[in-house]
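The lines below spell out each chain.
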Amino acid sequence: MGNYYDKRLLRRLPEGVQRAPVAGVVWSPGAFQGSYDRSGADSPQGYTDFDSSSALGAAPYSRWYFAAQLDLDDAIGSANNSGVSRLARKASRKAGVKNVAPPSGNKLLDTAQGRWRYAMAQMSSYDRVKQLALCLLCWGEAAQVRFVPECLCFIFKSADDYYRSPECQNRMEPVPEGLYLRAVVRPLCRFIRDQGYESIDGSFVRRERDHKKVIGYDDVNQLFWYPEGISRIVLNYRTRLVDVPAAQRFMKFDKIEWHKAFFETYCKRRSFLHLLVNFNRVWVLHISIFWMYTAYNAPTIYRGANSAPTPAMTWSAVALGGAVATLIMILATLAEFSYVPTTWNNTLHLTTRLGLLLIVLALTGAPTIYIAGFNQTGNVSYIIGIVQFAISVIAVLVFSVTFTASYPKLTGNARLASCALWFLVFGCKLTESYFFLTLSFENPIRVMVGMRVQNCSDKLFGSALCMYQPAFALAVMFCMDLCLFFLDTFLWYVIWNTVFSIARSFAIGLSIWTPWKDIFERLPKRVYAKILATSDMEVKYKPKVLVSQVWNAIIISRYREHLLSTDHVQRLLYHQVPSEQEGKRTLRAPMFLISQEDKGVKTESFPPGSEAARRISFFAQSLTTAIPEPLSVGAVPTFTVLAPHYSKKILLSLSEVISDSSCNRVFDT
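Quick caveat: nothing in here was measured; it's all calculated off a predicted structure.

Novice: Could you give me a rundown of the side chain of Ser548, with the residues and numbers involved?
Specialist: Within the secondary structure, Ser548 sits in helix 25 (residues 543–560). Here Ser548 falls in the buried class, since its relative accessible area comes to 4%. The residues contacting Ser548, other than those within four sequence positions of it, are Tyr574 and Leu587.

Structure representation (structure tokens):
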């Protein structure tokens, strides 16, 4: 594949736009050269970090490369890859073999990144463009594999290793035509297809299989994130692909048994445990702080026989909020074990996290046992209580603000606005909740703790219920106070989000208070100026003709979506009418665009409260914002590849459908 396309793609591109031999990929030499030059100018210390990672979908190539530890595979061989070595050591222990040599060599991540950047700096421009061309070739014919970018990264890595090998460079004849599609793409596409479809009488129909039994795109991606996953890929003669030299792996793809490699990396079960696993930070932030607020203002609960609790006991009781936060994290980790298969290496991370959480639980909970049970008055207890409180605050902050997923980082004004929004939300929430919820709850707690109702009796339960009625009432009040504590956060989020949204709208020139007539009177000019007009545009048609085509296309699309009736469409379209000059015709704008100031004209252009009116209004208001000048179509590097996406059907069991047919649905996603 490399020898055939090397001469076609890597020759000097002529001026203008040239179509490469990749389906749907349009080359723009000017844009390509600009990106190439900027990549070198922006890189520190003269290093050029221009590689093919930007064309490989959602996963940056270098991040995947180091996560899968393929740098160790390239630098010191698969035998010393730590991920593969772990599997080898497990197999050796099962076989009774001891003293497996540990992996050697410098494997620090910064050293690996240094080798990466040094290798990039040593690459010539020819090699970089050649690597990018190979990447585009792999991507252009990848079909459904584009939806699994980590898998595509592995394919590109294998193809690049083969292309640079002496076997490929010394090859005289080109590889058979269609090898990439037949050996690489087709088996993967068939595996993905067979998860949701089956062949019956020569036609494909959807499998009646619940989504929790389907190996989906995420499962395929996850396999390539870890060396343990890549080592599961085996050939049809029971040899692992990682045991094959890197330069020979690409030519072995037609012998891979993909159905033995992929498996479910996440148990897709419907359960309320998702509330604990996915929203644990919400529970930690609210319940732990509510505990601290309440414990500080409710000394009656833990004062014992004393008239007032000691300072050490107060510090320790408040610090138990950290133990509560740790318990929530432990429960969330245990619940997450039920969603991760024990065969997957993520269980090692969960086990490590669970061990660390148990240590934090001991640090935030054990001092209270010592202070409450053995020593409440000494200086040592006082110091221990303060240290316990400090550890608890740190634990709550870490558990509340630490994201376990990867999110793009905000910069500049966007980051400043985000920090200001959340600082104001939680600053106002914590202040208001303390003074108006927790502090006002102090007196009811002091009165009702220890209260007993005397001389009451019931025929069935005797005095058991009415005697402890104050305790029941106090428990209900605690639950209600906690619910209001949660709702306060939502209230302040709505308030400050509204303030920031209005400020943002005014900053970009868009507001709900912008006059309706002003938006639609200027709409034709804005369509031409911000959508159609470019600096190098050839004026062949009048602006009114071009604007009418755009407007009519929008109105007709709303009609096809059954949002407008025929009468409304006729009132909203541009129409050709006879001109004052004999033999010529002109365009008449719809009354909706030209009669906004005329209060005497009453025409119903849209159905009252219709979706079409909302969409048109949103489109018109969006054009009031600052939009960069559009480029000409020929100057825009585009990828126009259409690939089908195999959907997964989420089914309900027959018993679930029968139990409550009014609430259950079958979703196609």
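Still more ground to cover, so stick around.
Novice: I'd like a rundown of helix 10 (residues 179–196), residues and numbers included.
Specialist: Helix length check: helix 10, at 18 residues, gives a terminal C-alpha distance of 26 Å against a target of 26 Å (1.5 Å per residue), a fit within 8%. Among all positions of helix 10, only Leu179, Tyr180, Ala183, Val184, Val185, Leu188, Cys189, Phe191, Ile192, Arg193, Gln195 and Gly196 are buried. Buried residues along helix 10 sit against helix 7 (125–140), helix 8 (149–163), strand 3 (197–200), strand 4 (203–206), helix 11 (217–223) and helix 13 (258–261).

Novice: So what's going on with the pattern of salt bridges? Which residues, and what values?
Specialist: Note on pairing: side chains with opposite charge can pair once their charged atoms come close. A full pass over the atoms with the stated rule returns 13 salt bridges. Of the charged contacts, one joins Glu561 and Arg615 as a salt bridge, the two residues approaching to 2.5 Å between their closest N and O atoms. With a gap of 54 residues between them, Glu561 in the loop between helix 25 and helix 26 (566–572) and Arg615 in helix 28 (residues 611–622) connect regions that are remote in the sequence. Here Glu611 and Arg614 are joined by a salt bridge, their closest N and O atoms 2.6 Å apart. You can see Glu611 and its partner Arg614 sitting in helix 28, three residues apart, about one turn around the helix. For Glu611, a relative accessible area of 30% corresponds to the partly exposed category. You can call Arg614 partly exposed: its relative accessible area is 48%. Taken together, the shared-partner salt bridges connect Lys157, Asp160, Asp161 and Arg164 into one network.

Novice: Hey, could you go over the pairing of strand 6 (residues 585–588) for me, with residue numbers and the actual values?
Specialist: Relative to strand 6, strand 5 (residues 575–578) runs antiparallel, the two being bridged by four bridges. Considered in strand 6, the bridge of Gln576 is made with Leu587. The hairpin turn running from strand 5 into strand 6, its antiparallel successor, is six residues long, and Gly583 in that turn takes a positive phi close to 85 degrees.

Novice: Any details on the pairing of strand 3? Residues and values, ideally.
Specialist: In this sheet, strand 4 lies alongside strand 3 in antiparallel orientation, the contact comprising four bridges. Bridge pairing links Ser199 to Phe204 in strand 4. Linking strand 3 back to strand 4 in an antiparallel pair, the connection comprises two residues, with Asp201 at a positive phi of about 55 degrees.

Novice: An account of the packing of aromatic side chains is requested, with residue identities and associated values reported.
Specialist: Within this structure, the stated rule accounts for 20 aromatic pairs. Judged by centre distance (6.1 Å) and plane angle (25 degrees), the rings of Tyr162 and Phe250 are stacked. Here Phe250 lies in the loop between helix 12 (227–230) and helix 13 and Tyr162 lies in helix 8, a separation of 88 residues in the sequence. Summarising the burial analysis for this pair, Tyr162 and Phe250 share the class buried.

Novice: Any details on the side chain of Asp488? Residues and values, ideally.
Specialist: Tracing the backbone shows Asp488 in helix 22 (residues 469–507). No salt bridge is formed by the buried Asp488, whose closest oppositely charged neighbour, Lys429, lies at an N-O distance of 4.8 Å. Dropping the residues within four chain positions of it, Asp488 is found in contact with Lys429, Glu432, Ser433 and Leu437.

Novice: Before we move on, can you summarise the state of the cysteines with the specific residues and values?
Specialist: For the coordinates displayed, the defined rule picks out zero disulfides. Looking at Cys135, it has no disulfide partner, and the nearest cysteine sulfur is the one in Cys138, 6.9 Å off. Given the relative accessible area of 0%, Cys135 is considered buried.

Novice: Mind laying out the nonpolar core, listing which residues take part and the relevant values?
Specialist: Counting residues in each nonpolar core, the largest one holds 57 residues, and the members touching the most others are Trp64, Val145, Tyr180, Phe224, Ile233 and Phe262. Where this core is concerned, the elements lending two or more residues are helix 3 (61–67), helix 6 (109–122), helix 7, helix 8, helix 10, helix 11 and helix 13. Leaving out residues up to four positions away in the same chain, Phe262 has contacts with Leu188, Phe191, Ile215, Val220, Leu223 and Phe224. Counting residues in each nonpolar core, the second largest holds 23 residues, with Phe520, Ala612, Ile616 and Leu623 among its members.

Novice: I'd like a description of the confidence of the model for the protein chain, backed by residues and values.
Specialist: Confidence in the prediction for the protein chain averages 76 pLDDT; 73% of positions are at 70 or higher. Under a pLDDT of 50 for its full length, residues 1–59 has, in the predicted model, 116 contacts with residues more than four places off or in other chains. Counted against residues more than four places away or in other chains, residues 661–669, with its pLDDT under 50, gives 15 contacts.

Novice: Give a description of a nonpolar patch on the surface that names residues and reports values.
Specialist: Taken together, the side chains of Phe272, Leu275, Phe279, Val282 and Trp283 make up a nonpolar region of the molecular surface, amounting to roughly 520 Å² of accessible area. Tracing the backbone through its elements, the reader meets Val282 in helix 15 (residues 280–297).

Novice: I'd love a proper account of the packing of helix 8 against helix 10, names of residues and values included.
Specialist: Geometry of a packed helix pair, given as the angle between the helix axes and the separation of the axes. Across the interface, helix 8 lies against helix 10 with an axial gap of 12 Å and an inter-helix angle of 160 degrees. Relative to helix 10, the element helix 8 lies roughly antiparallel. The chirality of how helix 8 crosses helix 10 is right-handed. Facing helix 8, whose interface residues are Cys151, Leu152 and Ile155, helix 10 presents Tyr180, Val184 and Leu188. Considering only residue class, the contact of helix 8 with helix 10 consists of six nonpolar, no polar and no charged.

So, how was this worked out
Numbers given for residues are sequential positions, taken from 1 along each chain in its written order. Residue-level local features of this predicted model are given only where pLDDT is at least 70; pairs of side-chain atoms are given and counted only at 80 or more, and the full residue set underlies all totals for whole chains, interfaces and linings. Side-chain metrics in this entry use all non-hydrogen atoms of the structure; hydrogen atoms and water are not considered. In this text, helices come from DSSP runs of H or I with a minimum length of four residues, and strands from runs of E with a minimum of two, each type numbered from the N-terminal end. Note on exposure labels: buried denotes an accessible area under 20% of the residue type's maximum, exposed denotes more than 50%, and partly exposed covers the range between, all computed with a 1.4 Å probe on protein chains only. Contacts are residue-level and defined by heavy atoms, with any inter-residue pair within 4.5 Å sufficient. Multiplying 1.5 Å by the residue count of a helix minus one yields the expected span of that helix. The term salt bridge refers to a side-chain nitrogen of Lys or Arg lying within 4 Å of a carboxyl oxygen of Asp or Glu. At least two DSSP bridges between two strands are required for those strands to pair. Here a pair means two rings of Phe, Tyr or Trp (six-membered ring of Trp) with centres within 6.5 Å. Their orientation is stacked below 30 degrees between planes, edge-to-face above 60, and tilted elsewhere. Neither His nor the chain ends contribute to the count of charged residues, in which Lys and Arg are positive and Asp and Glu negative. Here, two cysteine sulfur atoms that lie within 2.5 Å of each other are counted as a disulfide. Buried Ala, Val, Leu, Ile, Met, Phe, Trp, Tyr and Cys residues form a nonpolar core when they are joined through side-chain atoms within 4.5 Å. Confidence of the prediction at every residue is given by pLDDT, a number between 0 and 100. Candidates for patches are residues over 30% relative accessible area with no salt bridge; among them, like charges are joined within 9 Å and nonpolar side chains (Val, Leu, Ile, Met, Phe, Trp, Tyr) within 5 Å. Throughout, the Shrake-Rupley method with a 1.4 Å probe supplies accessible areas, and for residues the shown protein chains are the sole cover considered. Helix axes use the C-alpha atoms of the stretch in contact, all axes being lines fitted to C-alpha atoms, and the angles between their N-to-C directions lie in the range 0 to 180 degrees. Any angle from 65 to 115 degrees is called roughly perpendicular, while one under 35 is roughly parallel, one over 145 is roughly antiparallel, and all others are oblique. Handedness of a helix crossing follows the sense of rotation of the near helix relative to the far helix, less than a right angle counterclockwise being left-handed and clockwise being right-handed. Note on residue categories: nonpolar means Ala, Val, Leu, Ile, Met, Phe, Trp, Tyr, Cys or Pro, charged means Asp, Glu, Lys or Arg, and polar means any other residue, Gly included.

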